[in-house]
Amino acid sequence: MATATPMPVIPSASRTLGRDFLGLALIALVGLAGYWLFPDNLAFLTRVISVALLVLSLDLIVGYCGIASLGQGALYGAGAYAAGIACVHGITDPGLLILIGAAAGAVMGLLMGAIMLRAHGLPQLVLSIAIVQLLHEAANKASSITGGSDGLSGMSPAPLFGLFEFDLWGRSAYLFGLGLLLIVFAVLRFVTRSPFGMVCRGLKEDPLRISALGIYAFPVLLKMFVISGAVAGMGGALAAIATQVVGLDSVSFEISANALVMLVLGGIGHLYGALIGTVIFMALEHIVAAINPFHWMTLVGAVLIAIVLFAPRGLSGTLDELARLLTRERWRAGR
Amino acid sequence: MSAVFAVSHLSKEFGGLKVSRDISLAMNEGDRLALIGPNGAGKTTFVNLVTGRIPPSAGSVHLAGEDITSLGAVKRVRRGLVRTFQVTRLFPDMTPEEHVVMTILQRLGKATRILARFHGDSAARDEAAEILATLGLTEVAHRKVATIAYGQQRLLEIAIALAQRPKVLLLDEPAAGVPSSDTPRIEEALARLPASLAVLMIEHDMDLVFRFAKRVIVLAAGELIFQGLPAEVARDPKVREAYLGSYAHAGS
Amino acid sequence: MQTALSIAVDALAYGMALFIICIGLSLTMGLMRVVNLAHGAFAMIGGYIASYAARDLGLGYGFGIILAMIGTMIIAVPLERLLYRRIYDRSELSQVLMTIGITFCVIGITNYFFGPTLKTIPLPAELARSVDLGFRSIAGHRLFVIVSGLVVAGGLWFLIERTGFGIHLRAAVENAPMARTLGIRTEIIYAASFALAIGLAAFGGVVGAEFLPIEPYYALRYMVTFLVVVSVGGAGSIPGALAACLLLGAIDVTARYLVPDFGNFFFYLAVILVVCAFPRGLMGRAQ
């Protein structure tokens, strides 16, 4: 291994801050480029942002805490339905609706965490599935509130800041979503660098070591579930505002499994990985699934197998590795 | 003066099999006690009982006068009963500084704050730098643990334990797996542990035991068969029979 | 009373069909420590083969079952060698991801070849009739499934507890390096158990097709059901799997009869309650 690390890396506040601004600027730039390049696909791009929030929220659980979950749709759906129901009942301010989605997601995260953290390993995974399936059935049954299998419709969110209508072309919705994503991303960068974020990383690696430091795992993990729920809930609320429909698919095993696939594709434990994975997966799905949905399944399946066998750290992890190799080569060549 | 750490009549049965029988010992401030015993003597069980990872079948554990028998592992750590691990348990992607800072933040009740920057607590970083310096880890303080030598990882285990400011420190084979060229650095670190700290060392290496410990206890088949000065261990007939006899044949 | 009895018979038959499919998954998970989410995909392949043989080629139900089991095992063994063997020691997440990947591939490929339609497996006349049990008559197919389930349970128990293969398998599971030093070819044991598990999945897929119809998304639709059942039972335990299948099968069938518009609500509610009460499964082994 690399025993000859060139210099001790001292994390300086200004440098990490600079890098974060660069990252945020890059996301904003890519987002705006999407706005100019694909003006006819803004509804789809808004959905990408909404799902990106879901995948980011899953990364907090899987990537930063090491808890495998196939039920993240429960949190996303909670936010979508809460925002949708609130909107139908006359709360139409988009910002407020996002907050309602976040709150609903956070409460669901608290519940889900409290249940899932009772078990470990496979039973834990099964609990996550059972929870999302249970909510799916509940949402289907409670059709008087949720619209059941027809979906919840009839929302008309108020203009953004009282100025920008959520129009047919979805411009306001997209830019609103992009702004939300940037804010959430910046906050999550901060959270993952907080003492709390470091302890979560430690818990993922070795819970026994953390308990030997005198730290209880349960409240830490539960807190992360709440944060994750808030983020996923905002994603769901964004989808509700943008499409003005909430369907049963927003609280489903399928969306949960897809989110996990996107996360793994991008690379777990990196916030950027979550974004990269979402964009690539959804773009490919958009193109290939339109041609033949079964080809799409075969492709996703093959990609998943390839990732597990050849690139377990996902695209971003593999890129990192590549970048490290390249810079090291250059460093050697420069001597 | 009352004992800072006392174990009385501690026993553990697993389905009728007695793995710890009626173990009692007491330690005062500044004690340097070594626990030795052949493989299968029940040392690991003893550590697990004392640290609260498994509940005892009978007996009690007292720390600084308080009965901690019914407390869980985390609470015991918070009361000042700290351990190191026989096989290092560190986070390969974090730096030694990050390990120690996390430990200090926990001691100060700030380890799980969300609205703070981990690297932004300069007081904690200064203290961490100081601890790492006393153990000679300054050079590697900012390298990922996965890339530093195993001997340095063992020293880091001790650094973490010190950062917890324990009342009682359990060292579980602190030199295990370290190449013999590096053991002097470990011994040096052990010699410089705070004088008032009560240290219980579980160790195989008899040389290390004789140099470090003021008192020795011997565990065999789950039972405490000897308690006394290091110089007396070798002469005790029970110990010779249970342990040193076979050790002498096999080891020296 | 009549309704209660038919619910009971259906519940029992459904539970047994679940058991036949799931027991193989339980064994791969409990003994070989692989979370094989693609297990349902193999049941689906079995169903496709049986449907093709029995309906399109007119070879009959019995032949359909045999071809399904053999064909599926022929597909499974190279997969074990090429893919599964590489994830035996990997994390659960890796296993979950790869086997979801295999599931997706199976769905995509089978539907490319066989078309995205429901595949029926025509029952022979003997099984389509009802059988008079003296006090009551029940559908022959239900009886067949129940008897098959009992035979599978008994046969597996005998195989694992009473035969040389079982001893070798348990040795390989307990301590693979030790088993190898004793001259046990662990790779062959693993491959054989994997093939056996897959063969049972195919068998269960065919005989259970009356309850879980063979359709394009079968592998995905029931992936969760199978995983959940095994986890509730406790991976690796035959009585655990049987208990879980009968319990959850009974809850599912009863709920569908009595409160059909709740769907799977009570099934998953029961799952959450059981997993919370028994985090290692009804009869799971201590870790």
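Our subject is the structure that appears above.
If you're wondering where the values come from, they're calculated on a predicted model, not measured in any experiment. (Residues numbered from 1 in each chain as written. Chains lettered and ligands numbered in written order. Predicted model: local features only at pLDDT ≥ 70, side-chain atom pairs only at ≥ 80, totals over all residues.)

Further remarks concern the overall build of chain B. Scanning chain B from N- to C-terminus turns up nine helices and ten strands. For 252 residues, the compact-globule estimate of 2.2 N^0.38 gives 18 Å, and chain B sits close to it at 19 Å. Expressed along its principal axes, the backbone C-alpha trace of chain B runs to roughly 55 × 40 × 35 Å. By the burial criterion, 42% of the 252 residues in chain B qualify as buried. Long-range contacts, defined here as pairs at least 24 residues apart, represent 67% of the contacts in chain B between residues at least 6 apart. (Helix = DSSP H or I, 4+ residues; strand = E, 2+ residues; numbered from the N terminus. Rg over C-alpha atoms; globule rule 2.2 N^0.38 Å. Buried ≥ 20, exposed ≤ 12 C-beta atoms within 10 Å, placed from the backbone. Contact = placed C-beta atoms within 7 Å.)

Attention now goes to the pairing of strand 4 (residues 58-63) of chain B. Residue and element names in this part refer to chain B. Where strand 1 (residues 5-14) lies against strand 4, five bridges are found, and the strand directions are antiparallel. The residue bridging Ser8 from the neighbouring strand is Ser60, located in strand 4. As paired strands, strand 4 and strand 5 (residues 66-67) are joined by two bridges and run antiparallel to one another. The partner of Leu63 across the bridge, within strand 5, is Glu66. Taking the residues that link successive antiparallel strands as the turn, the strand 4-strand 5 hairpin has two residues, and the phi of Ala64 there is positive, at about 50°. (Pairing = 2+ DSSP bridges.)

Next up on the list: the interface of chain B and chain A. Taken residue by residue, the interface counts 26 residues in chain B and 28 residues in chain A. Broken down by secondary-structure element, the contributors of at least two residues to the side of chain B that touches chain A are helix 2 (73-79) and helix 3 (96-107) of chain B. Counting residues per element, the side of chain B that touches chain A draws most heavily on helix 3 of chain B, at five residues.

Tracing the sequence through the fold places Glu223(B) in strand 10 (residues 223-228). Spatially, the C-alpha atoms of Glu223(B) and Arg113(B) are 44 Å apart, while their sequence positions differ by 110 residues.

Okay, the nonpolar core next. Ranked by size, the top nonpolar core spans 283 residues in total, and within it Leu53(A), Leu304(A), Ala159(B) and Cys22(C) carry the most contacts. If we ignore the near neighbours within four places in the chain, the residues touching Ala159(B) are Val100(B), Ile131(B), Leu132(B), Leu135(B) and Leu137(B). (Core = buried A, V, L, I, M, F, W, Y, C linked by C-beta atoms within 7 Å.)

With 40 residues of chain C at the interface, the matching set in chain A holds 33 residues. If you list the elements that add at least two residues to the side of chain C that touches chain A, you get helix 4 (92-114), helix 11 (223-233) and helix 13 (265-277) of chain C. If one sorts the elements of the side of chain C that touches chain A by residue count, helix 4 of chain C sits on top with 17 residues. Across the side of chain C that touches chain A, the residue classes break down as 27 nonpolar, nine polar and four charged. (Nonpolar A, V, L, I, M, F, W, Y, C, P; charged D, E, K, R; others polar.)

All right, on to the arrangement of the chains then. Counting contacts across all two pairs of chains that touch, the top-ranked interface belongs to chains A and C. Nowhere do chain B and chain C come into contact; their C-alpha atoms are at least 14 Å apart.

Residue and element names in this part refer to chain A. Put simply, helix 3 (residues 73-88) and helix 10 (residues 217-243) touch, their axes get as near as 6 Å, and they point 45° apart. One way to sum up the angle between helix 3 and helix 10 is to call them oblique. When the axes of helix 3 and helix 10 are compared, the crossing they make is right-handed. From helix 3, Leu75, Tyr76, Gly77, Ala78, Gly79, Ala80, Ala83, Gly84 and Cys87 reach across to helix 10, where they touch Ser228, Gly229, Ala232, Gly233, Met234, Gly235, Gly236, Ala237, Ala239, Ala240 and Ile241. Considering only residue class, the contact of helix 3 with helix 10 consists of twelve nonpolar, eight polar and no charged. (Axes fitted to C-alpha atoms, helices over the stretch in contact; angles between N-to-C directions. Parallel < 35°, antiparallel > 145°, perpendicular 65-115°, else oblique. Left-handed = near helix turned anticlockwise from the far one by under 90°.)

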